[in-house]
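An overview of the molecular structure
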Amino acid sequence: MRVLIIGRGPIARYVAARLGERAETSVAAFLVRPGTAGEAASLALGDVAPVVESREAVDGVDVVADCAGGAGLVAHGAGCLARGDVVVTLSAAALADPLLEARLREAAAAGGGRLRIAAGAIGAVDALAAAAVGGLDMVRYTGVKPPAGWRGSPAESVLDLDRLAGPAVHFEGSAREAARRYPKNANVAATIALAGVGFEATAVRLVADPAATANTHRLEAEGAFGRLDACFAARPLPDNPRSSALAAMSMVRALTDRTAAIRVV
Ligand SMILES: NC(=O)C1=CN([C@@H]2O[C@H](COP(=O)(O)OP(=O)(O)OC[C@H]3O[C@@H](n4cnc5c(N)ncnc54)[C@H](OP(=O)(O)O)[C@@H]3O)[C@@H](O)[C@H]2O)C=CC1
Ligand SMILES: O=C([O-])CC(=O)C(=O)O
């Protein structure tokens with residue numbers, strides 16, 4: 001299976017390394033932003049895969065792995081879907097934009113491509129999606145990070161992050177509003193929304209906690225199936241404290257699952 005990887009950041013590098021360890025998978029190329037190919041190529045020391053600036057530059061791609069954040073999906077998602085590619089993405093938050101979602105749906109309908117959202121930094125979304133079949137009454141996501149994890153976000157205008165005495169909520173609202181206001185921290189909330197009851201009905205609470213030692217993602221749901229309460233204490237990727245290692249691992253799993261004879265869905 002030849003994988004075209006969009007991006008050349010920490011998650012892309014992790015995914016490429018794991019794919020390179022398996023005989024049945026390889027990286028077809030890294031797709032980077034126009035004008036950054038030279039720099040990206042120098043970062044790719046030791047890689048056997050070329051660095052390209054357009055999808056058209058690579059033949060024989062079995063699946064596209066979008067590891068570039070929302071900008072990568074905006075730039076390449078519709079084009080790949082329109083030519084029939086299967087695209088696996090971690091950029092769920094980008095789908096909170098109804099215009100982008102419509103563009104991706106139209107491209108998939110026209111070209112036969114398919115967009116698949118990897119579970120990312122959270123799990124139990126398979127159970128949530130199954131529970132949605134029977135009907136869900138409540139879905140709530142609570143994201144807790146140490147104060148440093150919220151720097152550069154709207155939390156800074158709500159809280160004094162340097163002087164917190166205890167856990168403090170700085171956002172409560174829908175997953176759509178969370179994605180709009182916290183685009184760099186809303187992929188998990190958006191993934192839950194897409195698996196369960198959608199962007200408007202998914203309740204999101206974001207918390208800064210000076211005692212927190214990890215980023216914690218909690219998913220709660222109630223419905224005809226019963227009750228779900230799952231909590232993930234995420235360890236970051238060594239070369240990007242903002243991204244959970246599980247997100248990169250889940251991309252590898254989503255890709256390698258495609259060729260498995262037997263797999264858990
Ligand atoms: N679903 C989930 O649970 C999670 C999702 N994520 C998502 O994964 C993304 C990647 O994370 P990570 O690797 O750690 O870090 P970065 O966000 O730092 O890496 C992004 C990479 O994508 C590249 N890039 C940006 N825009 C484009 C574009 N238009 N075309 C091609 N490449 C592009 C950047 O290159 P350059 O800037 O040099 O051009 C960089 O190499 C995050 O942005 C986030 O959206 C992360 C964690 C959890
Ligand atoms: O990796 C994480 O901790 C989660 C994350 O960035 C996001 O939800 O966008």
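The preceding data block contains the structure.
Think of each chain on its own: its residues are numbered from 1, step by step along the sequence as written. Lettering for chains starts from A, numbering for ligands starts from 1, and both go in the order in which the items are written. Where local features are concerned, this predicted model is filtered to residues with pLDDT of at least 70; where side-chain atom pairs are given and counted, the filter is 80 or more; whole-chain, interface and lining totals use all residues. Excluding hydrogens and water, the side-chain values take into account all heavy atoms of the structure.

A word on the sheet that holds strand β6 (residues 114-117). Pairing is parallel across the open sheet formed by six strands, whose spatial order is β3-β2-β1-β4-β5-β6. Each having just a single partner strand, β3 (51-52) and β6 make up the two edges of the open sheet. Pairing between two strands is assigned when DSSP locates at least 2 bridges connecting them. To qualify as a helix, a DSSP run of H or I must reach at least 4 residues; to qualify as a strand, a run of E must reach at least 2; elements of each kind are numbered from the N terminus. Taken together, the five bridges between strand β1 (residues 2-6) and strand β2 (residues 26-31) define a ladder with parallel strand orientation. By the bridge assignment for β2, valine 3 is matched with valine 27.

Once that is clear, we can look at the pairing of strand β5 (residues 86-89). Because side chains alternate across β5, one face comprises the buried residues Val86 and Val88, and the other comprises Val87 and Thr89, equally buried. The pairing of strand β4 (residues 63-66) with β5 spans three bridges and is classified as parallel. If you follow valine 64 over to β5, its bridge partner there is valine 87. Crossover handedness is defined here as right-handed if the route from the first strand over the helix to the second strand goes clockwise, with the strands pointing away from the viewer. A crossover connection joins β4 to the parallel β5 through helix α3 (residues 70-82); in handedness this β-α-β unit is right-handed. Where β5 meets β6, four bridges bridge the pair, whose relative direction is parallel. Bridge pairing in β6 links valine 87 to leucine 115. The handedness of the β5 to β6 crossover, carried by helix α4 (residues 98-111), is right-handed. With a 1.4 Å probe rolled over the protein chains alone, any residue whose accessible area is under 20% of its type maximum counts as buried; one over 50% counts as exposed, and the rest are partly exposed.

When the sulfur atoms of two cysteines come within 2.5 Å, that pair is taken as a disulfide. Within the structure shown, the criterion is met by zero disulfides. Sulfur of cysteine 67: no disulfide; nearest cysteine sulfur belongs to cysteine 80 and is 12 Å away.

When we say a residue is near a molecule or strand, we mean one of its heavy atoms is within 4 Å of it. In the vicinity of ligand 1 there are 25 residues, among which Ile11, Arg33, Ala121, Asn240 and Ser243 approach most closely. Separating an oxygen atom of ligand 1 from a backbone N or O atom of glycine 9 is a distance of 2.9 Å. Pairing of N or O atoms within 3.5 Å defines a polar contact, subject to two protein rules: one partner must be a possible hydrogen donor and the other a possible acceptor, and residues neighboring in sequence count only if both atoms are side-chain atoms. In this structure, an oxygen atom belonging to ligand 1 sits 2.8 Å away from a main-chain N or O atom of isoleucine 11. In the complex, 79% of the free accessible area of ligand 1, which totals 910 Å², lies under the protein chains. For the shell around ligand 1, the secondary-structure elements that each account for two or more residues are α1 (10-20), α3, α8 (187-195) and β13 (240-244). Only the protein chains shown count as covering a residue, and every accessible area follows the Shrake-Rupley method with a 1.4 Å probe.

This brings us to the packing of helix α5 (residues 125-134) against α8. As a rule, the C-alpha atoms of each element are fitted with a line to give its axis, helices using only the stretch in contact, and angles between N-to-C directions run from 0 to 180 degrees. Two elements in contact, α5 and α8, have axes separated by 8 Å at closest approach and are oriented at 30 degrees. It follows that α5 is roughly parallel to α8 by the angle criterion. Taking contact as the criterion, the partners of Val125, Leu128, Ala129 and Ala132 in α5 are, on α8, Thr191, Ile192 and Ala195. Classification used: nonpolar for Ala, Val, Leu, Ile, Met, Phe, Trp, Tyr, Cys and Pro, charged for Asp, Glu, Lys and Arg, polar for all others including Gly. Looking at the contact of α5 with α8 residue by residue, the class counts come to six nonpolar, one polar and no charged. Angular relationships are summarised with four words: roughly parallel below 35 degrees, roughly antiparallel beyond 145, roughly perpendicular across 65 to 115, and oblique for the angles in between. Should any heavy atoms of two residues lie within 4.5 Å, those residues are considered in contact.

If you look at the biggest cluster of nonpolar residues, it comprises 82 residues, and the most contacted ones within it are Ile5, Val15, Ile192 and Leu255. Each residue touching isoleucine 5, except ones within four places of it in the same chain, is listed here: Ala12, Val15, Ala16, Leu19, Val27, Ala29, Phe30, Leu31, Ala65 and Cys67. For our purposes a nonpolar core is just a set of buried Ala, Val, Leu, Ile, Met, Phe, Trp, Tyr and Cys residues, chained together by side-chain atoms within 4.5 Å.

Moving on: the site of ligand 2. Around ligand 2, a shell composed of Ala121, Lys184, Asn185, Ala186, Asn187, Val188, Asn215, His217, Arg242, Ser243 and Ser244 is seen. At 3.5 Å from an oxygen atom of ligand 2 is found a main-chain nitrogen or oxygen belonging to asparagine 185. Here an oxygen atom of ligand 2 sits 2.9 Å away from a polar atom, N or O, in the main chain of valine 188. Within the complex, the protein chains bury 93% of what would otherwise be the 270 Å² of accessible surface of ligand 2. If you list the elements that add at least two residues to the shell around ligand 2, you get α8, β10 (215-223) and β13. Among the elements that make up the shell around ligand 2, the one with the highest residue count is β13 (three residues).

It is worth spelling out the packing of aromatic side chains at this point. Aromatic pairs are defined between Phe, Tyr and Trp rings, using the six-membered ring for Trp, whenever the two ring centres lie within 6.5 Å; interplanar angles under 30 degrees are classed as stacked, those over 60 as edge-to-face, and all others as tilted. Applying the stated criterion to the full structure yields two aromatic pairs. Judged by centre distance (6.0 Å) and plane angle (90 degrees), the rings of tryptophan 150 and tyrosine 182 are edge-to-face. With tryptophan 150 in the loop between β7 (136-145) and α6 (155-158) and tyrosine 182 in the loop between α7 (175-181) and α8, this residue pair connects regions lying 32 residues apart in the sequence. For tyrosine 182, a relative accessible area of 1% puts it in the buried group. Relative to tyrosine 182, the ring of phenylalanine 171 has its centre 5.7 Å away and its plane inclined at 65 degrees; by these criteria the two rings are edge-to-face. Highlighted residues: phenylalanine 171 in strand β8 (residues 168-174) and tyrosine 182 in the loop between α7 and α8, separated in sequence by eleven residues. Residue phenylalanine 171 shares its accessibility class with tyrosine 182, and that shared class is buried. The rings of Trp150, Phe171 and Tyr182 are connected pair by pair, giving a single aromatic cluster. Sitting over a ring, as applied to charges here, requires NZ of Lys or CZ of Arg to be within 6 Å of the ring centre and within 35 degrees of the ring normal. Over the aromatic face of tyrosine 14 sits the side chain of arginine 18, whose NZ or CZ is 4.8 Å from the ring centroid.

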